[in-house]
Amino acid sequence: MMADYVGEKEGISLETLESYKGFAENSFNRFESIRGSGMTGWADLPYNQGEIVEDIIETATKIREEYEYFVVLGIGGSALGPIAVFQALKHLHYNDLPKEKRNGPKFYVEDNVDPERMLALLDVVDVEKTMFNVITKSGATSETMTQYLIIMDILKSKLGDKASKNVIATTSASKGNLIKIAKQEGLKTFYIPDGVGGRFSELCPVGLLPAAVLGVNIKEFLKGAEYMDKLCKTGDYTKNPALASAILSYIAIQNGKNISVMMPYADGLKYIADWYCQL
């Protein structure tokens, strides 16, 4: 984005960037002053998930041993993070690998309520050998709850009062419909922290459980996020890549360039771009 690379006509000069130094510091300090409060709870996720991680790993180990399929029922923020991590960190044809090479259940994310898509899923999974992870913070996402009701109806018709063992709920601990249903049905439940919005929830059970089921080392995953966060804990934009990116984007917007495009090229990062669009 700099003039040295793209020319003075369209590029941003070092002098212009430097003129925003104070603005950048103020923006950083403003964010740090509210870090972890309100809807910025996501900023603390690399540091406060240690207690729940052991439960997630234990649950994921059991799923890997006992189930042949793992299906995420969610949409938007509850789906894009898990999809992006799956595509980025696992074999590009993971579900097509033989069981001994895959070394884990086949993985599907139903990021839509399209009935044709749901029927197609039911053609390729055995619901009795599937763990369904229904994810919605509000517990009122109509698409996700529709998926859940369809699946639970099928499970009850096949497994009767044992249907609940094939469903895990990830939702708010204090509000919404799903937590009420989870308690009523006796579902294993993980909680989304109150200050974490759906699209920012990859580093809590929303993303950590699917990743662990896929065999991802979620402790190292969180350490990577912590490492990156520490790199960004300075108001000096020359040392903070996130702040530098933010200021460059702000300057570009002032210049009428208000469209941000991510082109990953690598197939493994394809859905990182989709997730970025939502973030």
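First, a word on what this report is: a plain description of the structure on this page. (Residues numbered from 1 in each chain as written. Predicted model: local features only at pLDDT ≥ 70, side-chain atom pairs only at ≥ 80, totals over all residues. Heavy atoms only, no water.)

## Observations regarding the nonpolar core
Rule in force here: Throughout, nonpolar core names a set of buried Ala, Val, Leu, Ile, Met, Phe, Trp, Tyr and Cys residues whose side chains join them through atoms within 4.5 Å. Whether a residue is buried, partly exposed or exposed follows from its accessible area with a 1.4 Å probe, protein chains only, as a fraction of its type maximum: under 20%, in between, or over 50%, in that order. By the criteria applied, helices consist of DSSP H or I runs no shorter than four residues and strands consist of E runs no shorter than two, each listed in order from the N terminus.
In this structure, Ile56, Ile63, Phe70, Phe107, Leu209 and Ile218 are the most contacted members of the largest nonpolar core, which totals 34 residues. Counting only elements with at least two residues in this core, the list comes to helix 5 (50-66), strand 1 (69-73), helix 6 (77-89), strand 2 (106-110), strand 3 (130-135), helix 11 (205-213) and helix 12 (218-231). Counting residues per element, this core draws most heavily on helix 11, which supplies 6 residues. Core analysis: the next-biggest nonpolar cluster, separate from the first, contains 23 residues, Leu73, Met145, Leu159 and Ala163 among them.

## Some details on empty space enclosed by the protein
Spelled out, the test is: A pocket here means an open set of points on a 1 Å grid, computed over the protein atoms alone, that has protein on both sides within 12 Å along at least five of seven lines. A cavity is instead a set of points where a 1.4 Å probe fits but cannot get out; residues with an atom within 4 Å of a point line either one. Grid points are joined across faces, edges and corners, and a volume is the space filled by probe spheres set on the points. Polarity classes work like this: nonpolar for Ala, Val, Leu, Ile, Met, Phe, Trp, Tyr, Cys and Pro, charged for Asp, Glu, Lys and Arg, and polar for all others, with Gly in that last group.
In total, this model carries 1 cavity of 30 Å³ or more according to the counting rule given. In this structure, the largest cavity encloses a volume near 30 Å³. For the largest cavity, the full set of lining residues is Pro82, Val85, Phe86, Phe107, Glu202, Gly207, Pro210, Ala211 and Leu214. Elements represented by at least two residues in the lining of the largest cavity include exactly helix 6 and helix 11. Per-class residue counts for the lining of the largest cavity are 7 nonpolar, 1 polar and 1 charged.

## Observations regarding unusual backbone geometry
One non-glycine residue, Asn103, lies in the positive phi region at around 55°. Tracing the chain through its elements places Asn103 in the loop between helix 7 (99-102) and strand 2.

## Section: the packing of helix 6 against helix 11
As a reminder of what qualifies: A fitted line through C-alpha atoms serves as each axis, taken over the contacting stretch for helices, and the angle formed by two N-to-C directions is quoted from 0 to 180°. In this scheme the handedness of a crossing depends on how the near helix is turned from the far one: anticlockwise by less than a right angle means left-handed, clockwise means right-handed. Whether two residues are in contact is decided by their heavy atoms: any pair within 4.5 Å suffices.
Their axes nearest at 9 Å, the elements helix 6 and helix 11 cross at an angle of 35°. Taken as a pair, helix 6 and helix 11 cross one another with a handedness that is right-handed. Contact residues: Gly77, Ser78, Pro82 and Val85 in helix 6; Val206, Gly207, Pro210 and Ala211 in helix 11.

## Overview of the layout of surface pockets
Within this model, the largest pocket holds a volume of roughly 1,700 Å³. Lining the largest pocket are 34 residues, with Trp42, Phe200, Cys232, Ala242 and Leu279 positioned closest to its centre. Contributing elements (two or more residues each) for the lining of the largest pocket: helix 3 (21-34), helix 4 (45-48), helix 12, helix 13 (241-254) and helix 14 (270-278). For the lining of the largest pocket, the element with the most residues is helix 13, which contributes 6 residues. Taken together, the residues of the lining of the largest pocket break down into 22 nonpolar, 6 polar and 6 charged.

## Quick word on the packing of aromatic side chains
This is how it is decided: Aromatic pairs are defined between Phe, Tyr and Trp rings, using the six-membered ring for Trp, whenever the two ring centres lie within 6.5 Å; interplanar angles under 30 degrees are classed as stacked, those over 60 as edge-to-face, and all others as tilted.
What the rule picks out here adds up to 8 aromatic pairs. Every member of this aromatic cluster is reached through a ring pair, and the members are Phe70, Phe86, Tyr94 and Phe107.

## Thoughts on the packing of helix 5 against helix 12
At a minimum axis distance of 10 Å, the contact between helix 5 and helix 12 shows a crossing angle of 145°. Where helix 5 abuts helix 12, its residues Val53, Glu54, Ile56 and Ile57 lie against Ile218, Lys219 and Leu222. For the contact of helix 5 with helix 12, the residue count by class is 5 nonpolar, no polar and 2 charged.

## Let's talk about the environment of Gly207
Structurally, the position occupied by Gly207 is in helix 11. Residue contacts for Gly207: discarding those within four places in its chain leaves Pro82, Ser201 and Glu202.

## Remarks on helix 13
In plain terms, the rule: One fewer than the residue count of a helix, multiplied by 1.5 Å, yields its expected span.
Taking 1.5 Å of rise per residue, the 14 residues of helix 13 would be expected to cover 20 Å, and the 20 Å separating its terminal C-alpha atoms lies within 8% of that figure. Buried-residue contacts for helix 13 involve helix 2 (14-19) and helix 3. Following helix 13 by one or two positions, Gly256 adopts a phi angle in the positive range, close to 85°.

## Section: the pattern of salt bridges
Where we set the bar: Salt-bridge detection follows one rule: a side-chain nitrogen of Lys or Arg within 4 Å of a carboxyl oxygen of Asp or Glu.
Per the stated rule, a full pass over the model turns up 12 salt bridges. Between Lys230 and Glu226 there is a salt bridge, with the nearest N and O atoms lying 2.8 Å from each other. In this pair, Lys230 and Glu226 both sit in helix 12, 4 residues apart, roughly one turn of the helix.

## Here we look at the side chain of Arg102
Test applied: All tallies of charge rest on Lys and Arg as positive and Asp and Glu as negative; His and the ends of each chain are not included. Definition of a polar contact: a pair of N or O atoms within 3.5 Å, with one able to donate and the other able to accept a hydrogen when the atoms are protein atoms, and with sequence-neighbouring residues admitted only if both atoms are side-chain atoms.
Inspection of the secondary structure assignment puts Arg102 in helix 7. There is no salt bridge for the buried Arg102, and the closest opposite charge comes from Glu100, which lies 7.3 Å off by N-O distance. A distance of 3.4 Å separates a polar atom in the side chain of Arg102 from the backbone oxygen of Leu97. Not counting the four nearest positions on each side in its chain, Arg102 is found in contact with Tyr94, Asn95 and Leu97.

## A closer look at the sheet that holds strand 2
Applicable threshold: Strand pairing is assigned whenever DSSP identifies at least 2 bridges connecting the two strands.
Spatially, 5 strands are ordered 2-1-3-4-5 in an open sheet, and the strand pairing comes out parallel. Every interior strand has two partners, whereas the edge strands, strand 2 and strand 5 (188-191), have only one. Each neighbouring strand pair of the sheet contributes to a mean axis angle of 20°, computed without reference to strand direction. Where helix 9 (residues 142-159) meets the sheet, its contacts fall on strand 1, strand 2, strand 3 and strand 4 (167-171), and the angle it forms with strand 3 comes to roughly 150°. The sheet strands contacting helix 11 are strand 1, strand 2, strand 3, strand 4 and strand 5, and the helix crosses strand 1 at an angle near 165°.

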